[in-house]
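Next come the chains, spelled out residue by residue.
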Number of protein chains: 2
Amino acid sequence: MTDRPHDPGRAASSAAFSPLYQQIKSLILRGLDHGEWKPGEAIPSEFELAARYQVSQGTVRKAIDELAADNLLIRRQGKGTFVATHNEAKVRFRFLRLSADDGLPAASRSQILDCRRLKAPPEVAGALDMRTGDMVVNMRRVLSFDAIPTILDDIWLPGHIFKGLTMESLERYRGPVYALFETEFGVSMVRADEKIRAVIATSAQAELLSVPVSSPLLQVERISYTYGDRPMELRRGLYVTERYHYRNSLN
Amino acid sequence: MTDRPHDPGRAASSAAFSPLYQQIKSLILRGLDHGEWKPGEAIPSEFELAARYQVSQGTVRKAIDELAADNLLIRRQGKGTFVATHNEAKVRFRFLRLSADDGLPAASRSQILDCRRLKAPPEVAGALDMRTGDMVVNMRRVLSFDAIPTILDDIWLPGHIFKGLTMESLERYRGPVYALFETEFGVSMVRADEKIRAVIATSAQAELLSVPVSSPLLQVERISYTYGDRPMELRRGLYVTERYHYRNSLN
DNA sequence: CAGTGGTCTAGACCACGTG
DNA sequence: ACGTGGTCTAGACCACTGC
């Protein structure tokens with residue numbers, strides 16, 4: 001078996017030129033997608049990969065550089081290169097951009113409101129690349145920081161992938177749900193797009209978040225993607241931004 | 001004159017090891033800060049810089065790679081490497097993350113409300129690394145998209161740097177204010193941090209934005225930095241998010 | 001001490017843009 | 001045809017980690 005990538009643009013000029021390291025990147029990406037290396041595990045060393053793919057170590061290096069820049073891999077000098085995971089304290093806030101105004105860390109607690117299986121409404125189906133009526137899991141929860149309700153989440157997941165997800169398993173699990181998705185369902189969230197607006201709390205929302213009706217809330221609509229840009233989660237969060245703010249950096 | 005960076009860690013082991021390419025990066029950064037190359041202009045070729053700094057072209061390359069990743073430089077194959085600017089159509093939305101829900105581009109128009117020089121309130125001074133009472137410029141404006149008022153901006157700038165900034169010069173200028181800052185005052189904004197909340201429109205704000213009192217607004221507080229992480233602008237924007245949303249990508 | 005990623009170099013060749 | 005950045009290689013050496 002030869003894994004060697006073919007060689008466009010080296011012999012004859014080609015219409016679609018793709019650098020070798022991009023092809024290597026795709027191969028590694030495929031390995032990640034197929035679960036060849038699990039989140040938190042080390043991938044083979046650069047020299048091993050170079051031998052496997054029949055390219056120089058420098059070329060593998062450049063491929064890994066890009067995957068590390070995308071946060072799919074984590075390099076650790078002297079130790080190896082590891083598959084990114086949501087299971088580490090360091091990256092707990094990779095997808096949660098809410099910070100306390102005073103900067104102090106807070107104890108967080110999650111209260112699951114419900115977790116049901118139902119047919120996807122059109123809007124949800126569209127976001128998840130499914131058909132209207134396909135099975136989806138819908139869960140809602142309230143996240144509290146220092147015992148103050150702060151986030152009301154409404155989460156939609158493809159039913160055929162998140163099969164055993166129940167209220168009990170959610171309540172049992174300690175840690176971010178993205179870590180649970182990884183370990184229980186083999187789904188790694190790799191990237192997400194968000195649309196943010198200011199809205200007014202309905203009475204139901206206000207009650208769940210212990211704020212006055214018509215309080216302003218930050219609405220964060222998120223679509224999370226796994227490898228290959230496949231949407232795996234639609235989430236609508238409502239954030240109380242009295243003592244917390246959504247932080248962002250522009251480059 | 002020798003620009004050659006010194007060489008820690010090559011001869012004897014050193015406490016603070018800094019790779020050669022990082023030192024080159026700093027040297028290029030200093031050149032940018034000192035205005036050796038202006039926004040939009042090309043910097044010398046990799047080989048020229050390699051000769052100037054007495055290192056290999058590959059090392060210069062790696063330094064430029066990082067500066068390009070930070071959006072300080074823009075590489076253009078076959079043409080050269082250019083200093084990033086806010087003056088190009090392509091990057092007009094680098095710092096403006098508001099998008100129309102329907103995705104259609106809109107004609108934008110800016111109405112300047114006022115532009116005054118006054119003594120910095122404590123909060124403003126703190127954000128701009130100045131002393132309370134130092135001179136600052138304060139301008140306010142309304143941005144409209146397709147003739148619909150959408151953003152109310154309140155902008156604070158260090159007075160000793162933005163000397164000739166007046167309401168007339170602002171009104172005369174076509175294009176983003178960041179482009180004006182570059183061309184008129186030599187200040188390049190390179191990075192920004194934002195804190196985002198949901199708030200309720202005061203009657204004054206509501207009137208300026210033509211929305212009902214107590215409408216929900218997205219409050220975006222931004223500190224913009226020039227080279228060397230020096231804060232140069234404090235801006236509080238209020239966004240109407242009825243037909244527009246703030247978009248963000250998480251990695 | 002061995003193995004990993006990180007740096008640096010030198011040289012060959014390719015793709016792109018411009019004359 | 002030339003100069004720019006982009007790719008690929010091979011080899012030497014350094015820094016960090018863990019046995």
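Residues numbered from 1 in each chain as written. Chains lettered and ligands numbered in written order. Predicted model: local features only at pLDDT ≥ 70, side-chain atom pairs only at ≥ 80, totals over all residues. Heavy atoms only, no water.

Visitor: Give me the lowdown on the sheet that holds strand E5 (residues 108-119) of chain B, citing residues and values where you can.
Guide: What the 8 strands build is an open sheet, ordered E4(A)-E11(A)-E8(B)-E9(B)-E10(B)-E7(B)-E6(B)-E5(B); its pairing is antiparallel. Two strands in the sheet have a free side with no partner beyond their single neighbour: strand E4 (98-100) of chain A together with E5 of chain B. In this sheet, adjacent strand axes meet at a mean angle of 25° when their direction is disregarded. Taken strand by strand, helix H6 (residues 177-185) of chain B contacts strand E6 (135-145), strand E7 (148-158), strand E9 (216-226) and strand E10 (230-239) of chain B, and its axis lies near 155° from that of E10 of chain B. (Pairing = 2+ DSSP bridges. Helix = DSSP H or I, 4+ residues; strand = E, 2+ residues; numbered from the N terminus. Axes fitted to C-alpha atoms, helices over the stretch in contact; angles between N-to-C directions. Contact = heavy atoms within 4.5 Å.)

Visitor: I'd like a description of the protein's contact with DNA strand C, backed by residues and values.
Guide: Around DNA strand C sit 22 residues in total, of which Arg75 of chain A together with Leu20, Tyr21, Ser56 and Thr59 of chain B are the nearest. Sugar and phosphate atoms form 89% of the subset of DNA strand C atoms that lie within 4 Å of the protein. For the surface near DNA strand C, the secondary-structure elements that each account for two or more residues are strand E2 (73-76) and strand E3 (80-83) of chain A together with helix H1 (20-33) and helix H3 (57-69) of chain B. (Near = heavy atom within 4 Å.)

Visitor: Can you explain the relation of the copies chain A and chain B? Please cite residues and give values.
Guide: When chain A is fitted onto chain B, the two copies agree to an RMSD of 0.0 Å after a turn of 180° and an axial shift of 0.0 Å. Such a combination of rotation and displacement between the chain copies is what one expects of a two-fold axis. In terms of C-alpha distance to the rotation axis, chain A has alanine 198 of chain A as its closest residue, with the C-alpha 2.5 Å off the axis. In this assembly the copies share their binding face: 100% of the residues contributing to the interface of chain A also contribute to that of chain B. (Least-squares fit on C-alpha atoms with pLDDT ≥ 70 in both.)

Visitor: Could you give an account of the interface of chain A and chain B, naming the residues involved and the relevant values?
Guide: Bring the parts together and some accessible area is lost; that lost area is often taken as the interface size. On the side of chain B, 32 residues touch chain A, which itself brings 32 residues to the contact. Together, the buried faces of chain A and chain B total about 2,600 Å²; carbon and sulfur atoms form 49% of this surface. Here chain A is connected to chain B by 2 salt bridges. Linking arginine 197 of chain B and aspartate 101 of chain A is a salt bridge whose minimum nitrogen-to-oxygen distance equals 2.3 Å. The set of elements that each furnish at least two residues to the side of chain A that touches chain B consists of strand E8 (191-200), strand E9 (216-226) and strand E11 (244-250) of chain A. Looking at which element gives the most residues to the side of chain A that touches chain B, the answer is E8 of chain A, with 10 residues. Partitioning the side of chain A that touches chain B into residue classes produces 13 nonpolar, 7 polar and 12 charged. (Buried area = accessible area lost by both parts, 1.4 Å probe. Salt bridge = Lys/Arg side-chain N within 4 Å of Asp/Glu carboxyl O. Nonpolar A, V, L, I, M, F, W, Y, C, P; charged D, E, K, R; others polar.)

Visitor: Run through the protein's contact with DNA strand D, naming residues and quoting values.
Guide: Not every one of the 22 residues close to DNA strand D is listed here, only the nearest: Leu20, Tyr21, Thr59 and Lys62 of chain A together with Arg75 of chain B. Within 4 Å of the protein, the contacting atoms of DNA strand D are 89% sugar and phosphate, with bases supplying the remainder. Lysine 79 of chain A is positioned with one of its side-chain polar atoms (N or O) 3.4 Å from a phosphate oxygen of DNA strand D. Taken together, the elements giving at least two residues each to the surface near DNA strand D come down to helix H1 (20-33) and helix H3 (57-69) of chain A together with strand E2 (73-76) and strand E3 (80-83) of chain B. In terms of residue class, the surface near DNA strand D is built from 5 nonpolar, 10 polar and 7 charged. (Polar contact = N/O pair within 3.5 Å; in protein donor to acceptor, adjacent residues only side chain to side chain.)

Visitor: Which residues make up the pattern of salt bridges, and what values go with them?
Guide: Tallied over the entire structure, the rule returns 32 salt bridges over all chains. Where aspartate 114 of chain B meets arginine 140 of chain B, a salt bridge forms, and the shortest distance between an N and an O atom there is 3.3 Å. Remark: arginine 140 of chain B occurs in strand E6 and aspartate 114 of chain B occurs in strand E5; sequence separation between them is 26 residues. Under the relative-accessibility criterion, arginine 140 of chain B is labelled partly exposed at 27%. Where arginine 222 of chain B meets glutamate 194 of chain B, a salt bridge forms, and the shortest distance between an N and an O atom there is 2.8 Å. Here the residue arginine 222 of chain B occupies a position in strand E9, and glutamate 194 of chain B occupies one in strand E8 (residues 191-200), the gap between them amounting to 28 residues. Across the pair, exposure class does not vary: arginine 222 of chain B and glutamate 194 of chain B are buried alike. When salt bridges that share partners are traced, they join Glu46, Arg61, Asp65 and Arg75 of chain A into one network. (Buried < 20%, exposed > 50% of the residue type's maximum accessible area, 1.4 Å probe, protein only.)

Read these as layout, nothing more, since geometry by itself doesn't imply function.
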